[in-house]
Structure formats: structure tokens, C-alpha cells
Amino acid sequence: MSLEQHLKETILDVPDFPIAGIVFKDITPILHDAETLARVIEALAARYEGERISRIVGIESRGFIFGTALALAMKKGVVLVRKPGKLPRATRSVSYALEYGTDTLEIHADALEAGERVLIIDDLLATGGTAAAACELVEGLGAEIAGVAFVVELSFLGGRAKLEGRPIHSLVTF
Ligand code: AMP
């Protein structure tokens, strides 16, 4: 079975979570199964093999899981983009609109060097606000974006448009 088809069968829909009207895509069954998790990381690593990428930037919190696994597979370091108040040293922050509510993301001000090329990763692209904020943080430190990767893309929410031409890759689209 193709990875995309397998992921469609593995990811679970949870209606009305965390609030009424949202169908939450639960990716935890991917993590529960060693072979599925390995296939996801191998597919992402294969997609970016040969590209000039210095580090992986993971978005809190499921982006940390996939980002760190991918970083190990690609032998790269990981940079954290976190919810406010979690990073202990000087930060840069960006506020953005979520599918449900608003939020802020932060990065350590010295986490990236100007001119380095990074891959940003999160579990899921919905409206694109989260990933767009992460892109702003990365570019604000002078780094370039080699790609923005997701396991899942909810294409009907149009998040790609918010990422304005930055190269996007997702393993499964709903
Ligand atoms: P957005 O900023 O709208 O693209 O939202 C993306 C972030 O919110 C990701 O970190 C996702 O983990 C989470 N998220 C948003 N909508 C959903 C959904 N329907 N199912 C699961 N996670 C979601």
C-alpha cells in the first residue's frame, strides 16, 4: 500500500476536538507503530536528500517529534520554535491566528545564523498561520527556508496560500 493510503487509514478523525466544529486529525497512531513511523521519517528524509539544509526547525509540539526524528535521519541539529514563555534566553516572537484562537511563537534570538538554510517541520498544515509565523521567525534571523514539511495537509483550509511560495511538501492531503 502507498504511504499516502496507509496514512489515510492510520490517522484518526476526532470530531469536535478541541472545540465544536473542528475535526481533529489524531496522528498519534503513526507514532504508536514502529514501521509507520519509520516510513514517515524515511519518506521525508528521501524528499530532502541532496538539498543544502543546515538544520531542522521543529514547531511545538508535534513538530518536535517528527523534526527530531528527521534530524537524526538526516544527521542535522534541531532548532525549537516554541509557545511563549518556554524558551529561557533572549527570544524573537511572532503572533498569528490559529484555526481555533490566536497564539504566539518564539525562537531563541541566537538559534540560527544569517544565511543558513533550514527545513521547517510540523505535523499538520491547517490554515497556515502557525507555519507562516515560524517562517517569519526563521527569516527574521536572516536564515533561508529550504522547505516547509508536514505529515498532513488539510488542503481545503488553503494554508499553502499563507506560506506565499515557500516550497511545501506534505505526505498526505485531505
Ligand atoms: P494552522 O496554524 O491553522 O495551520 O494550524 C496548525 C497547527 O495546529 C498544527 O501545529 C497542528 O498540529 C494544529 N492543528 C490545527 N488544526 C488541526 C486539526 N484539524 N487536526 C489536528 N491538528 C490541528
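Located above this text is the structure these notes cover.
Keep in mind that this is a model prediction, so the values were computed, not measured.

Visitor: Where do I start with the overall build of the protein chain in this structure?
Guide: Counting secondary structure elements, the protein chain contains six helices and nine strands. The dimensions of the protein chain, computed from C-alpha atoms along their principal axes, are 40 × 40 × 30 Å. Evaluated residue by residue, the protein chain yields a buried proportion of 48% over its 174 residues. Within the structure as shown, the protein chain displays about 8,200 Å² of accessible surface, and the carbon and sulfur contribution to it stands at 52%. Seen as two clouds, the 18 positive and the 24 negative side-chain charges of the protein chain have centres 4 Å apart.

Visitor: I would appreciate a short explanation of unusual backbone geometry in the present structure.
Guide: Both trends apply: most residues other than glycine have a negative phi, and most peptide bonds are in trans. Between phenylalanine 17 and proline 18 the backbone carries a cis peptide bond, its omega angle lying at 0°. Here proline 18 is to be found in the loop between strand 1 (12–15) and strand 2 (23–26). Looking along the chain, the bond that leaves glutamate 60 and enters serine 61 is cis, with omega of -5°. The residue serine 61 is located in the loop between strand 3 (55–59) and helix 4 (62–74) in this model. Of note in this structure, aspartate 16 is not a glycine but carries a positive phi near 60°. Within the fold, aspartate 16 resides in the loop between strand 1 and strand 2.

Visitor: Sorry if this is basic, but what is going on with the sheet that holds strand 7 (residues 117–125) here?
Guide: Backbone-to-backbone hydrogen bonds pair the strands of a sheet. The strands run either parallel or antiparallel. The five strands lie next to each other as 4-3-7-8-9, forming an open sheet whose pairing is parallel. Of all the strands in the sheet, the pair left with one neighbour each is strand 4 (77–81) and strand 9 (168–173). Taking the axes of each pair of neighbouring strands and ignoring which way they run, one obtains an average angle of 20° across the sheet. Pairing between strand 3 and strand 4: five bridges, direction parallel.

Visitor: Quick question: what am I supposed to make of the side chain of threonine 10 here?
Guide: Residue placement: threonine 10 occurs in helix 1 (residues 3–10). A polar contact of 2.7 Å, which involves the side chain of threonine 10, links it to the backbone oxygen of histidine 6. Residues in contact with threonine 10, not counting those within four places in the same chain, are Pro29, Ile30 and Thr36.

Thresholds, definitions, all that
Residues numbered from 1 in each chain as written. Predicted model: local features only at pLDDT ≥ 70, side-chain atom pairs only at ≥ 80, totals over all residues. Heavy atoms only, no water. Helix = DSSP H or I, 4+ residues; strand = E, 2+ residues; numbered from the N terminus. Buried < 20%, exposed > 50% of the residue type's maximum accessible area, 1.4 Å probe, protein only. Areas by Shrake-Rupley, 256 points an atom, 1.4 Å probe, with all protein chains shown as cover. Lys, Arg positive; Asp, Glu negative; His and termini not counted. Charge placed at Lys NZ, Arg CZ, Asp CG, Glu CD. Pairing = 2+ DSSP bridges. Axes fitted to C-alpha atoms, helices over the stretch in contact; angles between N-to-C directions. Polar contact = N/O pair within 3.5 Å; in protein donor to acceptor, adjacent residues only side chain to side chain. Contact = heavy atoms within 4.5 Å.

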